[in-house]
Structure formats: C-alpha cells, structure tokens
Amino acid sequence: MLFSLAPTTSKSCRAALVNCHKLSLCRPRRELSSAAHEECDVVIVGGGPAGLTLASALGSSQISSQNLRVTLVEGGDLSKVRQWSPPPGSFSNRVSSLTNASQALLKDIGAWSHVDTQRTAPVEEMQVWDGVSDARVTFSASEIGLARPQEGMARITENLNLQRGLLRHLEQLPSVQLVEKTKVESIQRDAEERGGWPLVHLDNGKVLRARLLVGADGFNSPVRSYAQIPSFGWSYDTQGIVATMVHPPRGAFQSPNTTAYQRFLPTGPIAFLPLSPTTSSLVWSTRPHIASALTASEPAVLASMINAAFRLPELSLRYLYDRILEAHAKGTPLTHAEIQQEILWREQSHAIDPNSAYASAVVKTAEDAGIPPADSESVPPLVASLQPGTVASFPLRFNHTETYIGEGHGARTVLVGDAAHTVHPLAGQGLNLGLGDVECLARCIENAVLQGGDVGSYTALMPYAQERYLHNHALMGAMDKLHKLYTTTFEPVVWARSVGVEVLNESDSLKAALMMTAGSQDHKVDRSAFGWNLAAKGFEGLAAGASAAKFLSGGVTGMIATGLQGLFKAASANAAKGN
Amino acid sequence: MRLSNVVRALHRHVHAAASPGSINASEIAHFSRLSSQWWNEQGEFSFLHKMNPVRVQFIREKLLQVSREEKGEEASSSTKILRGLDVLDVGCGGGLLSESLARLGANTTGIDASESNVAIAKLHASTDPKLDHLSYVHAPAETLLASPKRYDVVCSMEVLEHVDNPASFLSTCAELLKPGGHLFLSTISRTPISYFLTILLAEDILRRVSQGTHTYSKFVNPSELVSFFQKYCSPSSTQSESLEASGTSQLSSPWISPHASPNAPTRTEAEVRGLIYNPLRARWILAPRDAWAATDCNYIFWIRKPY
Ligand SMILES: Cc1cc2nc3c(=O)[nH]c(=O)nc-3n(C[C@H](O)[C@H](O)[C@H](O)COP(=O)(O)OP(=O)(O)OC[C@H]3O[C@@H](n4cnc5c(N)ncnc54)[C@H](O)[C@@H]3O)c2cc1C
C-alpha cells in the first residue's frame with residue numbers, strides 16, 4: 001500500500017517517493033481492476049457548492065489528502081465559473097447568507113481567502129416581521145452573544161463568488177482530480193465477488209471504481225437513484241423570485257446597509273439581503289401566477305412592487321397583485337407610472353404619511369430627504385432599479401431523503417447538499433445545510449482514515465448520518481412550518497394542532513430559521529452543545545405542551561396571527577438568552 | 001434491549017486460535033457457519049464493526065505514546081506510526097482488524113484456525129486495491145513458533161475467553177514478539193456484570209446464544225493478566241528464536257515488575273482500558289484510564305516485551 005518502497009532519509013528522495021506514490025495511485029491496480037477501471041477512493045459527483053467544498057476539505061486535510069485519491073466529476077463547464085469577473089458594482093442574483101459556521105468551515109479548509117470578500121457583506125442586524133399582525137423581532141449581532149459580533153450573524157455571498165474561490169483553492173490541491181464537462185452516464189454495481197463497489201460510467205468512456213461515491217449532484221441526484229434512497233417531499237405552490245436591487249446608500253444619520261429584512265406575507269416571505277452600500281439581493285417567495293406576472297412586468301414595475309411589498313398593509317398588496325394580474329392577462333401590462341399611481345392611492349387610503357419610511361410612491365431625492373424619518377430603519381432602503389438581467393424565478397420544493405447512506409446494493413454511497421435535501425429558501429439557507437453536511441462528512445472520513453477504516457464502509461459513514469439527519473430535519477421542518485404557518489389554507493384546527501404545537505416544540509430550530517442564521521456560532525461550538533440542546537428540548541416540549549393547550553382554547557380565527565406572534569416572542573426570548 | 005445484541009455478537013464472534021491441543025472443534029464449526037456474515041456491517045457482527053475503530057485507536061495511540069516517550073516529539077506523525085511494522089493478528093476472523101492495520105501501513109499477517117474465516121478474509125481483502133501488505137494464514141498460532149519470524153506487534157482480540165489453556169496461549173503470543181514488541185489483547189472480565197450480560201441474559205434468559213457458548217470460568221480478569229506477566233519471563237534464547245535474542249542472558253526479567261499491584265501495573269509496562277458500549281449513540285468508547293468499573297466487562301490490554 002502506501003510507501004511500499006524502502007524508507008529513505010534524503011529529502012529529495014522522499015519527494016520522489018511521494019510522486020511515485022501519487023502515480024501509482026493513478027494506475028489501475030492489481031488484477032482485479034480491469035484495464036478500463038480507474039480505482040478511486042472518493043468519487044464526488046457534482047461540482048456545485050457542496051461538491052466543491054467537500055473536494056477542498058478532503059484535499060486540504062493532511063490526513064485525507066495523503067491517503068485518499070479524490071475525483072470530482074461535474075457535467076457543466078466550470079471554466080465559466082473560474083473566469084467569472086463581473087463588472088464592478090454588479091452582482092449575481094444567486095446569493096446565500098453564509099452563516100458563521102459555514103464561514104468557519106471555509107476558513108478551516110483554506111478556501112475563504114480565495115473568496116473575494118469585498119463582494120460580500122456582513123449581516124449585523126436582522127428584522128423579521130409578520131406581514132399581517134406586524135409583530136416584529138429584531139436580532140442584532142451584538143446582542144445575541146456571538147463570540148465575534150463584529151463579524152456579523154452571517155455574510156451575504158454570491159454563490160459564484162464562493163464557487164470561484166473554491167475552484168481557485170482546488171488548483172492548489174494536487175490530491176484532488178477535477179473532471180469537468182463530463183457527465184455521469186450511469187452507475188453500476190461491480191460484481192459480487194469484487195465487493196459490489198459502485199462503477200461510475202462517464203460519458204467520455206471512462207469508468208471509475210469508487211470506494212466511496214458521494215452524491216453532491218443536486219436535486220435530481222443520479223447517485224441517489226443508484227443507491228435507491230427514497231426521497232419524500234412536495235413542491236410548494238410557490239416560486240422564488242430573485243433579483244439584484246440597486247438603491248441609494250443609507251444616509252449619514254442611519255446605520256450602514258448591513259441589516260437583512262424579511263417580511264412574512266400570506267403568499268410567502270420576502271427577503272432583502274445587503275450586498276454593498278448600494279446593492280442588495282432579493283428573495284421573494286410568492287404564488288406562481290403572481291410570480292410570473294411580476295417577472296414578466298418591466299423591471300421598474302417589479303422594483304415598485306418590491307418597495308410596496310415591504311411597506312403596504314397586506315390588504316393593499318392583494319389589491320395590487322390583482323391589478324397586475326388583470327393587466328397581465330389582458331396583455332397590457334401596467335407601466336411604471338401606473339403602478340406608482342396605484343401605490344400612491346393605496347398609501348393615501350391608509351393615511352400613510354408621505355414622509356414616513358412606509359411611503360414609497362413619491363421618490364424623494366437625496367437633497368430633500370434631509371434627516372430621515374424616525375422609522376427609516378424598520379424597512380429596507382427604497383429600491384431605485386433592478387440590475388438588468390438579474391430577475392429570475394424558480395420553483396420551491398421541500399424534499400428530504402429517507403437516509404443519507406446507501407445500504408445493501410447501494411452500499412458505499414452517501415448524499416450531501418441538495419441531493420439529500422431541498423428546503424424552502426427562507427433567505428438562502430439551503431447552501432448552509434449543505435456545507436454543514438460537508439463539514440461533518442469530511443470529519444468522518446478523516447476519522448476513518450486515521451483508524452485504518454474503509455471510508456466507504458457503513459461503519460465509517462454512520463456517524464455522519466447520525467449527526468446530520470435529525471439536525472437537518474428539525475431545521476427543514478421549522479422552515480417548512482414557518483412557510484405553512486402563513487400560506488396554508490387547510491382546515492385551521494387540524495393545522496393548528498399539527499403545526500402550531502410542533503412549531504413551539506422546535507423553537508430552537510425556529511429561532512435559527514427566523515434569523516436565517518442557523519449556526520451563527522461556528523460549528524465547533526455548535527457541536528459540543530448538541531447533546532445538551534437535545535436534552536433541554538425534552539423539557540421545553542413539556543412547557544410547550546402547556547402553552548399549546550392555551551393556544552387551542554383561544555379560538556380559531558385569531559390563531560394564525562397569535563401563532564406567529566407567539567413564535568416571535570419565543571424566538572426573541574431565546575435570542576435574549578444569548579443562544 | 002439492544003445490549004443483548006452486543007452480547008450475542010460478541011459471543012458468536014468465536015475465534016479459534018488456541019493451541020493445537022485446546023482447539024474446540026465445535027466452536028470452529030459454529031463459527032465457520034457464520035463466517036459469510038463477517039462483512040455484513042449491519043448483521044450479526046455489527047457490534048464488532050463498531051468496536052473496531054476503538055481498538056485501532058487504542059493501538060495507535062499506545063504506539064504513538066511509547067514512540068514519543070522514547071524518541072521525543074518528532075517521533076512519528078499520527079497516521080504513520082504503524083507504517084512498516086510487522087504485525088500479527090491472532091484469531092483474525094474475517095479480517096476486520098487486520099485490514100485496518102494493513103491500511104495504516106503495517107505489514108500485516110492475520111492467522112486463524114478456521115479455514116472458512118481465512119477464506120472470507122482473503123476474498124474480502126482481494127476486492128480492496130489498498131491492501132497490498134496483508135496476508136492470511138490458516139493455522140493455529142503455535143505453528144508460527146517454528147519459524148524464526150517475530151513481530152513488532154501481536155494482537156489478539158476477543159480470543160482469550162475461548163481458549164482452553166490461556167497460559168499456553170499467552171506464552172505463544174508473547175514468544176512471537178520481537179524484544180520491545182507490543183502485545184494487545186481484548187477480552188471479557190469475570191465479574192457479576194459480565195456473567196449477567198454474557199451468560200445469564202444472552203444464553204439463559206434471552207436464549208439469543210446457544211447455551212454453553214461461553215464458560216464463565218474462562219473469562220479473564222485484568223488483574224489475572226497482570227499477575228501472569230508478573231511471573232512470565234521470556235524464555236532464554238535458544239533454537240529458532242536465537243536470531244534476535246542472541247547473546248542475551250539466560251532468563252530475562254518479568255514483563256511487569258513483581259512489586260506492582262496487579263490492579264495498578266506500572267504505566268510504562270502495561271495498561272488496561274475498558275471498552276464501553278453506548279447504546280444511545282450506538283458507539284463503543286474507550287473508557288478513560290482508571291475509570292471506575294470500566295473494565296468489568298469488555299476491556300483491552302497492552303503489554304510490552306522487555307528488550
Ligand atoms: C434555479 C435555482 C435557483 C436557486 N436560487 C437560489 C438562491 O438565489 N439563493 C440560494 O441560497 N439558493 C438558491 N438555490 C438553491 C441552491 O442553489 C442550492 O441549495 C445549492 O446550489 C445546492 O448546492 P449543491 O452543491 O448541493 O447542488 P447543486 O448546486 O445543484 O450542484 C449539483 C451539481 O451536480 C452536477 N450534476 C448533476 N448531475 C450530474 C451528472 N449526471 N454528471 C455530472 N454532474 C452532474 C450539476 O451540473 C451541478 O453542478 C437555487 C436552486 C435552484 C435550482
């Protein structure tokens with residue numbers, strides 16, 4: 001096996017040996033590997049954020065990189081990502097709020113220094129409110145007991161910036177082989193007497209024999225199909241609209257653009273994520289018909305609607321949607337002037353002071369703005385325009401596999417990231433879950449190598465599933481419930497029983513989901529606290545049961561609003577405890 | 001209760017590596033029937049699969065510690081400590097431990113008296129391209145005494161409680177070591193707890209294991225192992241063993257100084273650590289040194305052959 005040649009003391013000789021060792025790893029080995037099979041320790045399918053991070057983590061771990069040959073296969077052309085160089089001031093529309101745990105992982109593996117942090121922005125404060133009752137929670141980095149509050153609760157980062165950084169990092173990691181513009185055509189099981197290892201057939205004719213096959217291959221995971229891991233879920237009747245928003249900088253009397261906003265509307269949450277003093281990213285989840293009418297409108301109309309969606313009472317928003325849908329159906333979409341007129345009219349009917357931050361119909365210039373209104377920081381800056389070409393929308397779904405590790409005929413497989421779970425993007429959490437998976441899997445692989453274990457074995461992978469599955473499930477459940485809390489139209493009593501009660505039980509996860517920052521502490525801290533959190537939950541459950549009883553006796557009509565308010569209270573109480 | 005599974009798995013895991021006169025034919029047969037199960041990680045032997053990383057951890061950490069104490073900090077990096085060592089796994093079964101040691105770079109020989117065990121172990125290793133330094137022998141361990149080859153490390157896991165003549169078995173393992181070599185054993189204590197778990201519960205009450213699989217009197221307490229090595233002296237250098245021991249005195253000193261208490265051997269001479277199963281996390285852990293009652297059931301033992 002490794003270093004089978006005679007030991008030597010000379011450094012140069014040793015370097016030569018290391019090279020030989022690498023070469024020998026690349027050659028097909030022993031009689032059992034027919035000429036066409038290339039032996040690999042870890043084959044990662046998928047060069048999305050999850051796959052690239054895993055490859056970097058394994059390549060930068062001394063223990064793993066000295067002992068494992070890692071191959072990453074990506075169907076797409078990664079050179080586009082590698083060469084991504086957006087003009088200054090313009091931003092990609094796909095962003096994630098990278099939690100401190102995710103950043104800690106990226107720093108640990110050495111990839112973060114390749115991410116252009118000038119293009120990222122810290123979230124120092126977060127305002128989350130209920131679009132119907134206006135109950136509001138504010139979290140700020142300095143108040144929630146973070147180890148390093150100045151670094152914020154999370155950092156808004158373009159996915160492309162992250163991926164490009166990871167690719168640059170990987171260039172320095174020779175133990176990882178990147179195979180791009182190459183699709184996995186099929187995966188077959190090797191003969192029983194050869195251990196039944198997965199054989200990965202590529203569209204360039206090569207076949208990789210994998211000790212461990214990692215599915216980082218996204219929602220339609222071919223690895224998941226090979227391993228026959230069932231996945232359950234549903235698609236929300238919801239689309240996520242994304243766009244890059246341009247706005248004037250915050251004034252001298254205001255805090256900088258480092259506050260993230262999220263308003264829960266009955267059609268889904270709308271989120272505003274700061275990227276730079278004059279740019280922020282939109283994630284607006286809403287009904288598909290509304291989404292298609294909004295995205296088909298001229299960008300200035302969408303910009304006005306974004307401003308309105310953060311400000312106007314829910315009733316008026318419904319009215320505005322109807323106007324837009326009507327015009328859209330007739331083929332005469334509303335113009336910018338028309339929608340502004342509609343909004344002005346709604347503001348007047350609600351007696352919204354034109355000087356208030358809640359007014360958006362009359363655009364104030366910097367000169368006449370003067371001292372900002374007292375409520376200016378309870379809503380995001382007024383969006384002036386959308387960066388051209390950044391409006392897009394995608395369907396939202398909830399999916400979770402039954403397990404993360406293949407068994408029996410699907411042995412030696414493991415899933416990470418979207419291949420294992422897709423969540424409602426309450427502000428870009430999907431990526432963080434995936435990075436959490438990667439951190440844990442890389443650690444389990446390293447532990448197995450250290451004890452001479454077989455990294456493809458169930459024994460080596462079991463701790464990964466143990467650590468991640470329930471964690472992800474709780475968080476996903478919380479996000480799902482937050483969504484449903486406002487958007488469901490099922491019989492309210494049944495719903496309140498099934499959702500409201502459990503929601504309270506999961507207040508830790510909920511807090512995390514509300515804050516968009518599950519893991520605002522870094523992962524090492526999280527892990528050590530894990531057992532205690534679990535133990536503490538049991539007791540919380542009892543308390544929640546008691547309040548749930550009260551909850552149900554409160555009558556059905558007011559329950560939806562009460563429910564979310566209760567949540568906000570629970571979450572802020574939790575936050576006040578300082579994690 | 002899942003603990004019964006532990007017990008069952010441990011009991012079914014019957015190795016046959018005793019001295020030729022003491023091999024129990026029915027144990028070998030029973031075991032051979034099970035051997036195809038060896039590598040089903042979620043089957044019969046799942047508890048052994050889970051225990052394996054902990055055993056390797058103990059072996060690695062012990063070797064590292066000794067090497068650091070002798071050669072200083074630069075001694076060796078944590079993954080390379082076994083690289084190039086000659087290691088013998090007595091009663092290797094399906095090769096769980098042997099494969100791990102070989103992957104860590106040890107020139108590993110697994111030996112087992114059950115032919116089908118060795119066949120399974122060989123077949124399994126042949127599927128793995130990284131096990132070049134691993135070989136298996138179907139024979140009782142005693143046959144190796146005839147060859148001059150001696151080992152840096154001898155391991156024998158969950159074997160001692162199945163042999164009819166433990167003293168002779170221990171001597172064999174000891175003689176197969178090079179001077180300064182390391183012996184690692186894991187077995188079960190003879191205590192009320194182990195009686196309850198392994199015999200009363202598993203055999204008599206739950207009947208998960210055929211009655212008579214284990215004999216309480218064969219269980220060995222850590223203090224008995226220590227006492228054995230307080231009396232045991234490596235034989236004088238004669239015949240085939242003379243290669244490495246040539247020129248040494250007639251009778252070397254005992255492996256553990258006779259003055260130490262059998263319950264607390266000198267740390268540099270021997271060590272006993274409990275192996276404890278945590279059913280909540282479905283994981284074995286290595287108990288801290290001197291943890292109370294930790295060695296009352298499964299434990300692992302290390303001793304070093306004097307130079
Ligand atoms: C349209 C869309 C928009 C999104 N927008 C946002 C957003 O704005 N903000 C946000 O936070 N999250 C967003 N998400 C979610 C986010 O992109 C995912 O959570 C994240 O990308 C998951 O990363 P991943 O590495 O697990 O999977 P992916 O990024 O999906 O990567 C999977 C990779 O596997 C490759 N692959 C698949 N099959 C094969 C094969 N057979 N052979 C070779 N390669 C293969 C694919 O080419 C792909 O590169 C969006 C998702 C979608 C689908």
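Residues numbered from 1 in each chain as written. Chains lettered and ligands numbered in written order. Predicted model: local features only at pLDDT ≥ 70, side-chain atom pairs only at ≥ 80, totals over all residues. Heavy atoms only, no water.

Per an unreviewed UniProt entry, the recorded name for chain B is Ubiquinone biosynthesis O-methyltransferase, mitochondrial, and the organism is Hypsizygus marmoreus. As its UniProt record puts it under Cofactor (unreviewed entry), chain B is described as follows: "Mg(2+)". The Sequence similarities (unreviewed entry) comment attached to chain B in UniProt states, word for word, "Belongs to the class I-like SAM-binding methyltransferase superfamily. UbiG/COQ3 family." (UniProt positions renumbered as here; feature names shortened; annotations may be inferred.)

Under an unreviewed UniProt entry, the name given to chain A is Ubiquinone biosynthesis monooxygenase COQ6, mitochondrial, and the organism recorded is Hypsizygus marmoreus. According to its UniProt record, chain A has this under Cofactor (unreviewed entry): "FAD".

Student: What exactly am I supposed to notice about the overall build of chain B here?
Tutor: Assigned secondary structure in chain B consists of 9 helices and 8 strands. Taken across its 307 residues, chain B has 57% of its residues classed as buried. In chain B, 71% of the contacts between residues at least 6 apart in sequence involve partners at least 24 apart. (Helix = DSSP H or I, 4+ residues; strand = E, 2+ residues; numbered from the N terminus. Buried < 20%, exposed > 50% of the residue type's maximum accessible area, 1.4 Å probe, protein only. Contact = heavy atoms within 4.5 Å.)

Student: Can you help me understand the overall build of chain A in this one?
Tutor: The helix and strand tally for chain A stands at 18 helices and 19 strands. Here chain A holds 579 residues, and 56% of them are scored as buried. Taking as baseline every contact in chain A between residues at least 6 positions apart, the subset at least 24 positions apart corresponds to 76%. Element-wise, carbon and sulfur atoms account for 57% of the exposed surface of chain A, whose accessible area totals about 23200 Å². (Areas by Shrake-Rupley, 256 points an atom, 1.4 Å probe, with all protein chains shown as cover.)

Student: Is there a simple way to explain the UniProt feature "binding site: S-adenosyl-L-methionine" (unreviewed entry) in chain B in this structure?
Tutor: Residue and element names in this part refer to chain B. When the UniProt feature table is mapped onto this chain, "binding site: S-adenosyl-L-methionine" (unreviewed entry) is found at Arg55, Gly91, Asp112 and Met157. In this fold, Gly91 is placed in the loop between strand 1 (86-90) and helix 4 (96-103). Overall, Gly91 belongs to the buried group, its relative accessible area being 3%. Mapped onto the elements, Asp112 comes out in strand 2 (residues 107-112). Only 3.2 Å separates the side chain of Asp112 from the backbone nitrogen of Cys92, close enough to count as a polar contact. (Polar contact = N/O pair within 3.5 Å; in protein donor to acceptor, adjacent residues only side chain to side chain.)

Student: Looking at this model, I keep getting lost on the interface of chain A and chain B. Mind explaining?
Tutor: A common way to state how big an interface is: give the accessible area lost once the parts meet. The partner chain B presents 31 residues to the 32 residues of chain A that form the contact. In total, chain A and chain B occlude about 2700 Å² of area from one another, counting both sides; carbon and sulfur atoms represent 47% of this. The interface formed by chain A and chain B includes 2 salt bridges. We note a salt bridge from Lys130 of chain B to Asp41 of chain A, for which the minimum N-O separation is 2.9 Å. Counting across the chain A and chain B interface gives 14 residue pairs in polar contact (both at pLDDT 80 or more). Where the side of chain A that touches chain B is concerned, the elements lending two or more residues are strand 1 (37-45), helix 3 (62-67), strand 11 (207-215), helix 13 (430-450) and helix 14 (458-487) of chain A. (Buried area = accessible area lost by both parts, 1.4 Å probe. Salt bridge = Lys/Arg side-chain N within 4 Å of Asp/Glu carboxyl O.)

Student: I'm lost on the packing of aromatic side chains in this one. Help?
Tutor: Centre-to-centre distance and the angle between the planes together describe a pair of aromatic rings. Residue and element names in this part refer to chain B. Under the criterion given, the structure shown has 14 aromatic pairs over all chains. Look at Phe229 and Trp255: their rings are 5.2 Å apart centre to centre, the planes differ by 25°, and that puts the pair in the stacked class. Residue Phe229 is found in helix 8 (residues 222-231), and its partner Trp255 is found in the loop between helix 9 (242-245) and strand 6 (270-278); the two are separated by 26 residues along the sequence. Of the residues examined, Phe229 reaches a relative accessible area of 0% and is grouped as buried. (Phe/Tyr/Trp six-rings, centres within 6.5 Å; stacked < 30°, edge-to-face > 60°.)

Student: Sorry if this is basic, but what is going on with the sheet that holds strand 7 (residues 154-158) of chain A here?
Tutor: One key point about sheets: their strands pair by backbone hydrogen bonds, in either a parallel or an antiparallel sense. Residues and elements named next belong to chain A. Reading across the sheet, the 3 strands line up as 3-7-4 and stay open at both edges, with antiparallel pairing between neighbours. Every interior strand has two partners, whereas the edge strands, strand 3 (95-99) and strand 4 (121-123), have only one. When the angles between neighbouring strand axes are averaged without regard to direction, this sheet yields 35°. Bridge count for strand 4 against strand 7 is 3 bridges, and the pairing is antiparallel. Along strand 7, the bridge assignment pairs Ala121 with Ile156. Here helix 6 (residues 159-171) sits on the sheet in contact with strand 3 and strand 7, set at roughly 80° to strand 7. (Pairing = 2+ DSSP bridges. Axes fitted to C-alpha atoms, helices over the stretch in contact; angles between N-to-C directions.)

Student: Mind showing me how you'd approach the confidence of the model for chain A here?
Tutor: Where the model shows low pLDDT, its predicted coordinates should not be examined in detail. Mean pLDDT over chain A stands at 78; residues scoring 70 or higher make up 73%. Note that residues 517-565 of chain A has pLDDT below 50 and, in this model, 74 contacts with residues that lie over four places away or in other chains. (pLDDT = per-residue confidence, 0-100.)

Student: What is the right way to read the UniProt feature "binding site: Mg(2+)" (unreviewed entry) in chain B from this model?
Tutor: Residue and element names in this part refer to chain B. Per the UniProt record, "binding site: Mg(2+)" (unreviewed entry) is annotated on Glu158, Glu161 and His162. Note that Glu158 resides in the loop between strand 4 (151-157) and helix 6 (166-175). Reaching out from Glu158, the side chain makes a polar contact with the side chain of Ser186 at a distance of 2.8 Å. Mapped onto the fold, His162 is located in the loop between strand 4 and helix 6.

Student: What's the story with the site of the ligand in this structure? I'm lost.
Tutor: Residues and elements named next belong to chain A. Every one of the 24 residues lining the ligand counts as a neighbour, but Ala50, Glu74, Arg94, Val95 and Asp418 are closest to it. Measuring from a nitrogen atom of the ligand, one finds a backbone N or O atom of Gly75 at 3.0 Å. Taking Arg94, its side chain carries an N or O atom lying 2.4 Å from an oxygen atom of the ligand. Alone, the ligand offers 990 Å² of accessible surface; in the complex the protein occludes 75% of this. (Near = heavy atom within 4 Å.)

Student: How do you make sense of the sheet that holds strand 7 (residues 283-286) of chain B when you look at a structure like this?
Tutor: Residues and elements named next belong to chain B. Ordered in space as 3-2-1-4-5-8-6-7, the 8 strands form an open sheet in which the pairing is mixed. The open sheet has two edge strands with one neighbour each: strand 3 (134-138) and strand 7. Adjacent strand axes in the sheet meet at a mean angle of 20°, parallel and antiparallel pairs treated alike. Judged from the 6 bridges that link them, strand 4 and strand 5 (residues 177-188) form a sheet pairing that is parallel.

Student: Any chance you could explain the nonpolar core here in plain terms?
Tutor: When a protein is soluble and globular, its nonpolar side chains tend to lie buried together. Residue and element names in this part refer to chain A. Ranked by size, the top nonpolar core spans 71 residues in total, and within it Val42, Val43, Ile44, Leu106, Leu213, Val214 and Leu441 carry the most contacts. Per-element tally for this core: the top contributor is helix 13, with 11 residues. Discounting chain neighbours no more than four positions away, the residues touching Leu213 are Val43, Val45, Ile187, Pro198, Val200, Val223, Tyr226, Arg412, Thr413 and Val414. Among the nonpolar cores identified, the runner-up in size contains 36 residues, and Trp284, Tyr321, Ile339 and Ala361 belong to it. (Core = buried A, V, L, I, M, F, W, Y, C linked by side-chain atoms within 4.5 Å.)

Student: Would you take a moment to explain the packing of helix 2 (residues 49-60) of chain A against helix 13 of chain A for this structure?
Tutor: Working note: a packed helix pair is described by the angle between its axes plus the distance between those axes. Residues and elements named next belong to chain A. As a packed pair, helix 2 and helix 13 sit with axes 9 Å apart at the nearest point and diverge in direction by 30°. One way to sum up the angle between helix 2 and helix 13 is to call them roughly parallel. Every pair of crossing elements has a handedness; the one defined by helix 2 and helix 13 is right-handed. Residues Pro49, Ala50, Thr53, Leu54, Ala57 and Leu58 of helix 2 touch helix 13, and the partners they reach there are Leu431, Leu435, Val438, Leu441, Ala442 and Ile445. Partitioning the contact of helix 2 with helix 13 into residue classes produces 11 nonpolar, 1 polar and no charged. (Parallel < 35°, antiparallel > 145°, perpendicular 65-115°, else oblique. Left-handed = near helix turned anticlockwise from the far one by under 90°. Nonpolar A, V, L, I, M, F, W, Y, C, P; charged D, E, K, R; others polar.)

Student: What should I look at first to understand the pattern of salt bridges in this one?
Tutor: Side chains that differ in sign of charge can pair as their charged atoms come close. Following the criterion strictly, the structure yields 29 salt bridges over all chains and no others. Between Glu192 of chain A and Arg189 of chain A there is a salt bridge, and its shortest N-O distance comes to 3.0 Å. Across the pair Glu342 of chain A and Arg323 of chain A runs a salt bridge, and its minimum N-O distance is 2.7 Å. Here Glu342 of chain A, found in helix 11 (residues 336-349), pairs with Arg323 of chain A, found in helix 10 (residues 314-330); they are 19 residues apart in sequence, far enough to count as distant. Here the residues in one salt-bridge network are Asp41, Arg211, Arg412 and Asp454 of chain A together with Glu99, Arg103, Asp128 and Lys130 of chain B, joined through shared partners.

Student: Would you explain helix 11 of chain A in this entry?
Tutor: All names here are of chain A. The end-to-end C-alpha separation of helix 11 is 20 Å, in line with the 20 Å expected for 14 residues at 1.5 Å each. Those residues of helix 11 not exposed but buried are Ile339, Gln340, Glu342, Ile343, Arg346 and Glu347. Seen from one end, helix 11 has its buried residues packed into an arc of 160°, which puts them on one side. Relative to its buried face, helix 11 has exposed residues pointing more than 90 degrees away, namely Ala337 and Gln348. As for helix 11, its buried residues are in contact with helix 9 (299-309) and helix 10. Just beyond helix 11, the residue with positive phi is Ala351, at close to 55°. (Expected span 1.5 Å × (residues − 1). Arc of directions from axis to C-beta.)

Student: Looking at this structure, I do not really get helix 5 (residues 115-126) of chain B. What am I missing?
Tutor: In an α-helix there are 3.6 residues to a turn, and that puts residues three or four apart on one side. All names here are of chain B. End to end, helix 5 covers 17 Å across 12 residues, agreeing with the expected 16 Å (1.5 Å per residue, within 8%). Buried within helix 5 we find Asn117, Val118, Ala121, His124 and Ala125. Down the axis of helix 5, the buried side of the element spans an arc of 130°, and every buried residue falls inside it.

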